[in-house]
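Structural overview
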Amino acid sequence: MLTSRRNFVAASAAVVTTQGLTQAVQVPDTLRLGLIGPGGMGGNHLRALVARKDVRVRWICEVDRDRLAQAAKVVGGAGPEPKTTRDMRNVFEDKEVDAVLIATPDHWHTPAAILALDAGKHVYVEKPCSHNIREGRLLVEAAKRSGKVLQVGTQSRSAPHLQEAIAKLKEGAIGEVLCAKAWNSQKRGSIGKTKPTAPPANLDFEMWQGPAPRGPYRTNMLPSIWRWWKAYGCGDIGNDGVHELDIALWGLGVTKHPDRIQGAGGKYFFDDDQQFADQMYCTYEWNPTGGPLKRKMLVFEQRDWSPYVQEGHENGNAWYGTKGMMTLGKGSGWTLFGERNKKVLERSGKVDIKPHHDNFFESIRGKAKPNASAEVGHLSAAIAHLGNISVGLGRTLEFDALAERFPKDKEADALLRRSYEPGHWAAPRDV
Ligand SMILES: NC(=O)c1ccc[n+]([C@@H]2O[C@H](COP(=O)([O-])OP(=O)(O)OC[C@H]3O[C@@H](n4cnc5c(N)ncnc54)[C@H](O)[C@@H]3O)[C@@H](O)[C@H]2O)c1
C-alpha cells in the first residue's frame with residue numbers, strides 16, 4: 001500500500017544532522033512501526049503503542065510462534081492486523097516502516113539496530129544498547145551515518161521528576177558533585193543447573209541466536225534468563241544496574257568513559273549456571289591523576305541475593321557534593337540535603353514508558369532531541385561492560401577512554417568485543 005501525500009506533514013523535521021540538529025523532511029501523520037521482540041518488555045511497549053493515536057504497529061517480528069500470535073492479537077484487538085514475521089529483514093525492507101522498536105535479548109540489540117538504521121529506519125533500542133563496548137561504538141557511528149533518530153530504552157531520562165533532580169544538581173544545589181553512587185539490590189532466583197536439550201517446537205532457536213556463535217539450547221535460558229549467560233546478556237549490572245548507572249552518570253555530569261575501573265565480586269550466593277557475579281562492587285574514576293581536570297568517582301554496588309534497602313531504596317542513587325547530598329529512587333522520588341544534612345527539598349514521582357515514547361516520536365518529527373541518544377546509551381552500557389570486565393578479571397584496569405582500549409592489558413582488551421557466528425548476515429561489519 002502506498003502512503004498518500006496527504007498523510008505527510010510537509011514541514012515536519014526528522015533527520016538528525018551530525019551537529020545533533022534536525023533538518024526538514026516529510027514525516028507521516030501516523031508513524032508506522034515495527035516491533036521486534038514482543039516478550040516481557042516488548043509486551044509493555046506494545047500495550048503502550050497500541051493505545052496511541054499517532055502511531056500504528058505495522059509489523060510484529062518474533063521468533064517464538066506463540067508470542068508472535070499473542071502480540072498480533074494485541075495489535076489486531078486495537079486496530080488493523082499487523083504483518084507478522086520471524087525474520088527482521090522483512091521489517092527493514094518495508095519502505096512503509098518509519099521506525100522500529102527493538103526489545104530482543106541484548107546480543108541482538110546493536111546488530112539489529114545497525115541493520116535498521118542502515119535501512120533508513122528510526123530506532124528505539126532497549127538497554128543496554130550494546131552487548132560490549134566495540135558494538136556500542138559501532139552503534140554510535142551507525143546512528144551518525146544514518147541521520148536517523150536513535151533512542152535507548154533508559155526511560156528514566158524522560159521522567160519529569162528525574163529531569164528536575166538532575167537540573168538541581170547541575171544548578172549547584174549540592175555544590176560541586178564529585179562522587180555518585182548507584183546500587184542494585186534485590187533477591188533474584190536461582191536458574192539451577194541444566195544440560196543441553198532440544199529447543200521447544202514454538203521457538204526458532206537458530207534465529208533467536210542470530211549473530212551469536214552457535215551453542216546448545218538449555219531450559220534455563222528462557223524466558224528472560226538468557227541475561228545471565230555471557231553469549232546473550234550482560235548480567236544484572238547490564239540489566240537493572242544500567243538504569244541506576246545511567247542516572248548516576250547523568251547527575252555526575254561526565255560525558256566520557258572513566259579512566260580507571262576497580263571491580264571486586266563474584267558468585268557469593270548462587271550455585272547455578274549463571275555466568276555473572278551476584279555480588280559486586282565497582283569504583284570508576286575520571287582523571288584519577290588529578291591535574292587541571294576534576295577527579296570524579298562513581299561507586300556501584302550490586303547484591304542479587306539481598307533485597308535490603310539503602311537510603312530507603314532497593315535500587316537507587318546518591319550524589320555527594322561539596323555543599324550537600326541528594327538521594328534518589330527512580331520509582332519513588334528524591335530528597336535533597338543541604339549543609340549539616342538539612343533536608344531542603346523532596347519530590348515524589350514514578351517512571352513511565354510513555355514520556356520516553358513521546359520524546360522518541362517528537363524527535364522523529366523534529367520537535368525534540370532524543371533524551372537517551374546513542375552517545376548517552378553507549379556511555380551507560382559501557383560502564384556496565386567495564387564493571388563486568390574488571391570484576392571478571394579481578395583486577396584494576398586503566399582504560400584509554402578516547403581510544404576505548406586497555407593499552408596495558410591484552411586480556412582485558414580482548415573482552416571489549418565478542419566473536420560472532422561466522423558469516424552471519426547480522427554480524428556488524430568492522431568489528
Ligand atoms: N527498559 C526497561 O525498563 C526494561 C525492562 C525489562 C527489560 N528490558 C530490556 O528488554 C529486552 C528484552 O528483555 P525481556 O525481559 O523482555 O526478555 P524476553 O526474553 O522476555 O523478550 C525478548 C523477546 O525477543 C524475542 N526474540 C529473540 N530473538 C529475536 C529475533 N531475532 N527477532 C525477533 N524476536 C526475537 C524472544 O523470543 C522474546 O520474546 C532486554 O534487552 C532487556 O534489557 C528493559
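Residues numbered from 1 in each chain as written. Predicted model: local features only at pLDDT ≥ 70, side-chain atom pairs only at ≥ 80, totals over all residues. Heavy atoms only, no water.

1. Regarding the overall build of the protein chain
- In terms of helices and strands, the protein chain carries 11 helices and 19 strands.
- On C-alpha atoms alone, the protein chain measures out to a radius of gyration of 21 Å, which is about the 22 Å that the 2.2 N^0.38 rule sets for 431 residues.
- By its C-alpha atoms, the protein chain is 65 × 55 × 40 Å across when sized along the principal axes.
- In the protein chain, which comprises 431 residues, the share counted as buried stands at 58%. (Helix = DSSP H or I, 4+ residues; strand = E, 2+ residues; numbered from the N terminus. Rg over C-alpha atoms; globule rule 2.2 N^0.38 Å. Buried < 20%, exposed > 50% of the residue type's maximum accessible area, 1.4 Å probe, protein only.)

2. Describing unusual backbone geometry
- A cis amide bond, omega -15°, links Lys127 with the succeeding residue Pro128.
- Topologically, Pro128 is positioned in the loop between strand 9 (122-125) and helix 5 (133-146).
- Although it is not a glycine, Ser224 sits at a positive phi angle of roughly 70°.
- Mapped onto the elements, Ser224 comes out in the loop between helix 7 (205-209) and helix 8 (241-252).
- The backbone phi angle of Glu311 is positive, close to 50°, even though this residue is not glycine.
- Structurally, the position occupied by Glu311 is in the loop between strand 14 (296-303) and strand 15 (315-321).
- Owing to a relative accessible area of 40%, Glu311 belongs among the partly exposed residues under this scheme.

3. Topic: the sheet that holds strand 5 (residues 31-36)
- Overall, parallel pairing links the 6 strands, which are arranged 7-6-5-8-9-10 in an open sheet. Edge positions in the sheet fall to strand 7 (83-85) and strand 10 (150-152), since each has one partner strand and no second. Taking the axes of each pair of neighbouring strands and ignoring which way they run, one obtains an average angle of 20° across the sheet.
- Two strands pair when backbone bridges link them, and strand 6 (residues 55-61) and strand 7 are joined in this way by 3 bridges, in the parallel orientation. If you follow Trp59 over to strand 7, its bridge partner there is Lys83. (Pairing = 2+ DSSP bridges. Axes fitted to C-alpha atoms, helices over the stretch in contact; angles between N-to-C directions.)

4. Here we look at the side chain of Ser363
- Relative to the assigned elements, Ser363 resides in helix 9 (residues 354-364).
- For Ser363, a relative accessible area of 1% translates into the label buried.
- A polar contact of 2.7 Å, which involves the side chain of Ser363, links it to the backbone oxygen of Asn359. (Polar contact = N/O pair within 3.5 Å; in protein donor to acceptor, adjacent residues only side chain to side chain.)

5. A few points about the site of the ligand
- The environment of the ligand is made up of 27 residues, and the closest members are Met41, Glu62, Arg67, His109 and Gln155.
- Asp106 is positioned such that a nitrogen or oxygen atom in its side chain is 2.8 Å from an oxygen atom of the ligand.
- Protein burial of the ligand: of its 840 Å² of free accessible surface, 93% is covered by the chains.
- Mapped by element, the contributors of at least two residues to the shell around the ligand are helix 1 (40-50) and helix 7.
- Residues that form the shell around the ligand fall into these classes: 11 nonpolar, 10 polar and 6 charged. (Near = heavy atom within 4 Å. Areas by Shrake-Rupley, 256 points an atom, 1.4 Å probe, with all protein chains shown as cover. Nonpolar A, V, L, I, M, F, W, Y, C, P; charged D, E, K, R; others polar.)

6. With respect to the sheet that holds strand 15
- Taken in spatial order, the 9 strands line up as 18-17-16-15-11-14-13-12-19 in an open sheet, and their pairing is mixed. Across the chains shown, the open sheet's two edge strands, defined by having one partner strand only, are strand 18 (343-348) and strand 19 (397-398).
- Both strand 11 (residues 177-185) and strand 15 contribute to a ladder of 7 bridges, which runs antiparallel. Directly across from Val177, in strand 15, lies its bridge partner Gly321.
- Each of strand 11, strand 15, strand 16 (324-329), strand 17 (333-337) and strand 18 touches helix 6 (residues 160-171); the most contacted strand, strand 17, lies at about 20° to it. (Contact = heavy atoms within 4.5 Å.)

7. Re the nonpolar core
- Counting 46 residues, the largest nonpolar core has Tyr284, Leu298, Trp319 and Phe406 as the members making the most contacts within it.
- Sorting the residues of this core by element identifies helix 6, strand 11, helix 8, strand 13 (279-286), strand 14, strand 16, strand 17 and helix 10 (374-393) as the ones contributing at least two each.
- For this core, the element with the highest residue contribution is helix 10, accounting for 8 residues.
- Among all residues touching Phe406, those that are not within four sequence positions of it are Ile261, Leu386, Ile389, Leu397, Glu398, Phe399, Ala412, Asp413 and Leu416.
- Ala116, Ala142, Leu150 and Ala426 belong to the second-largest nonpolar core, a separate cluster that totals 29 residues. (Core = buried A, V, L, I, M, F, W, Y, C linked by side-chain atoms within 4.5 Å.)

8. Notes on the domain arrangement of the protein chain
- What the domain assignment lists for the protein chain is domain 1 (5-156) and domain 2 (162-189 + 220-355 + 371-414).
- Domain 1 and domain 2 are separated by 27 Å when their C-alpha centres are compared.
- Taken together, the contacts link 28 residues of domain 1 with 33 residues of domain 2.
- Carbon and sulfur atoms make up 63% of the area that domain 1 and domain 2 hide from each other, which totals about 2,500 Å².
- In this assembly, domain 1 and domain 2 are joined by 1 salt bridge.
- Between Glu404 and Arg137 there is a salt bridge, with its nearest N and O atoms 2.9 Å apart.
- Summed over the shared surface of domain 1 and domain 2, the number is 9 residue pairs in polar contact (both at pLDDT 80 or more).
- For the side of domain 1 that touches domain 2, the element with the most residues is helix 5, which contributes 6 residues.
- When grouped by side-chain class, the residues that make up the side of domain 1 that touches domain 2 number 11 nonpolar, 11 polar and 6 charged. (Domains from an automatic or database assignment. Buried area = accessible area lost by both parts, 1.4 Å probe. Salt bridge = Lys/Arg side-chain N within 4 Å of Asp/Glu carboxyl O.)

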